[in-house]
Amino acid sequence: VGEGTQYAFWVSTANKIKRLSNGSGDTHLWWLRSPYIVGNDAFRCFNSSGDITNYSASYTNGVSFGFCV
């Protein structure tokens, strides 16, 4: 609530799947900005299938920035 609207780019599951090596490598997890409120040290992330999951913040995952211009 109060966060605005979803960017059209993120509606497609294909756009939620990120690959290593500048897009030509294996799929990889990447972080979202939201904490996972059930755990003490977890954040939400997209998995290699483009689905939202949670993972411990002690792991190294990618990020993808989005800007409204």
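Residues numbered from 1 in each chain as written. Predicted model: local features only at pLDDT ≥ 70, side-chain atom pairs only at ≥ 80, totals over all residues. Heavy atoms only, no water.

J.: Which parts of the structure should I look at to understand the environment of Trp 31?
T.: Here Trp 31 is to be found in strand E3 (residues 30-35). Since its relative accessible area comes to 16%, Trp 31 is described here as buried. Distance in space between the C-alpha atoms of Trp 31 and Leu 20 is 14 Å, their sequence separation being 11 residues. Those residues in contact with Trp 31 that lie beyond four places of it in its chain are Phe 43, Arg 44, Cys 45, Tyr 55, Ser 56, Ala 57, Tyr 59, Asn 61, Gly 62 and Val 63. (Helix = DSSP H or I, 4+ residues; strand = E, 2+ residues; numbered from the N terminus. Buried < 20%, exposed > 50% of the residue type's maximum accessible area, 1.4 Å probe, protein only. Contact = heavy atoms within 4.5 Å.)

J.: Help me understand the environment of Asn 22 in this model?
T.: Looking at the secondary structure, you find Asn 22 in the loop between strand E1 (18-19) and strand E2 (27-28). Along the primary structure Asn 22 and Thr 5 are separated by 17 residues, whereas in three dimensions their C-alpha atoms are 28 Å apart.

J.: In this structure, what is going on with the sheet that holds strand E5 (residues 52-56)? I would like to understand it.
T.: Strands sit in the order E3-E4-E5 across an open sheet of 3 strands; the sheet is antiparallel. Edge positions in the sheet fall to E3 and E5, since each of these pairs with one other strand and no more. On average, each strand axis in the sheet is inclined to that of its neighbour by 45°, with strand direction left out of account. Two elements, strand E4 (residues 42-46) and E5, share 5 bridges in a ladder whose sense is antiparallel. (Pairing = 2+ DSSP bridges. Axes fitted to C-alpha atoms, helices over the stretch in contact; angles between N-to-C directions.)

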